[in-house]
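Structural overview for review
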Amino acid sequence: VLFALTGIKGIGRRFSDQICKRAEIDPNMRAGTLTVAQIDKIVDIIQNPLKYGIPKWFLNRQKDITDNAYSQLFANNLDMALREDLTRLRKIRAHRGIRHYFGLRVRGQHTKTTGRR
């Protein structure tokens with residue numbers, strides 16, 4: 001179950017481990033042997049992690065720019081949020097947005113000799 005959950009985009013090994021602990025499921029159990037109730041519990045934890053005691057700093061979307069909420073994004077929602085963030089940065093002509101637009105390094109790396117394509 002532990003490794004099977006990491007197949008979902010936006011859920012890594014540590015978050016998957018937290019899900020297994022909160023749902024009280026053995027991480028070494030095979031994913032195909034889960035009952036419907038266990039699957040429903042896992043889905044509920046993924047959708048509402050704060051309700052099950054997973055700390056805010058563990059989530060992958062902290063203090064969202066639009067509603068200041070903490071959430072765990074996964075699958076298509078993660079791709080959509082990333083695209084919206086980059087579009088917003090480009091629209092306000094921020095330095096990071098311009099670097100993303102031209103396909104250059106964004107976080108201050110040296111580009112004189114490395115990263116040539």
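The structure contained in this document is the topic of the report that follows.

Here is what the cut-offs are and how they apply
Residues numbered from 1 in each chain as written. Predicted model: local features only at pLDDT ≥ 70, side-chain atom pairs only at ≥ 80, totals over all residues. Heavy atoms only, no water. Salt bridge = Lys/Arg side-chain N within 4 Å of Asp/Glu carboxyl O. Helix = DSSP H or I, 4+ residues; strand = E, 2+ residues; numbered from the N terminus. Buried < 20%, exposed > 50% of the residue type's maximum accessible area, 1.4 Å probe, protein only. Core = buried A, V, L, I, M, F, W, Y, C linked by side-chain atoms within 4.5 Å. Contact = heavy atoms within 4.5 Å. Axes fitted to C-alpha atoms, helices over the stretch in contact; angles between N-to-C directions. Parallel < 35°, antiparallel > 145°, perpendicular 65-115°, else oblique. Left-handed = near helix turned anticlockwise from the far one by under 90°. Phe/Tyr/Trp six-rings, centres within 6.5 Å; stacked < 30°, edge-to-face > 60°.

With that out of the way, let us pick up the pattern of salt bridges. Within this structure, the stated rule accounts for five salt bridges. Here Asp79 ties to Lys9 by a salt bridge, and the two come within 2.9 Å at their closest N and O atoms. Taken as a pair, Asp79 in helix α4 (residues 76-91) and Lys9 in the loop between α1 (2-5) and α2 (13-23) lie far apart in primary sequence, 70 residues in all. Classification of Asp79 as partly exposed rests on a relative accessible area of 30%. A residue is classified by how much of its surface remains accessible, and Lys9, at 47% relative accessible area, is partly exposed. One salt bridge in this structure joins Lys51 and Asp44, with 3.5 Å as the shortest N-O distance. The network of salt bridges with shared partners includes Arg61, Asp64 and Asp85.

On to the nonpolar core, then. By size, the foremost hydrophobic cluster in this structure holds 15 residues, and its most contacted members are Val1, Leu5, Phe15, Ile19 and Ile42. Elements supplying a minimum of two residues to this core: α2 and α3 (36-47). Counting residues per element, this core draws most heavily on α2, at four residues. With near-sequence residues (within four places) excluded, Leu5 lies in contact with Ile11, Ser16, Ile19, Cys20, Ile42 and Ile46.

Turning to the packing of α4 against helix α5 (residues 95-102), a few remarks are in order. Running from N to C, α4 and α5 cross one another at 110 degrees; their axes reach a closest spacing of 7 Å. Considering the angle they form, α4 stands roughly perpendicular to α5. Considering the relative orientation of α4 and α5, their crossing is left-handed. Here Leu86, Leu89 and Arg90 of α4 come into contact with α5, specifically with Arg96, Gly97, His100 and Tyr101.

Before going further, it helps to examine the packing of aromatic side chains. Applying the stated rule across the entire model yields three aromatic pairs. Pairwise contacts between aromatic rings join Phe15, Trp57 and Phe58 into one cluster.

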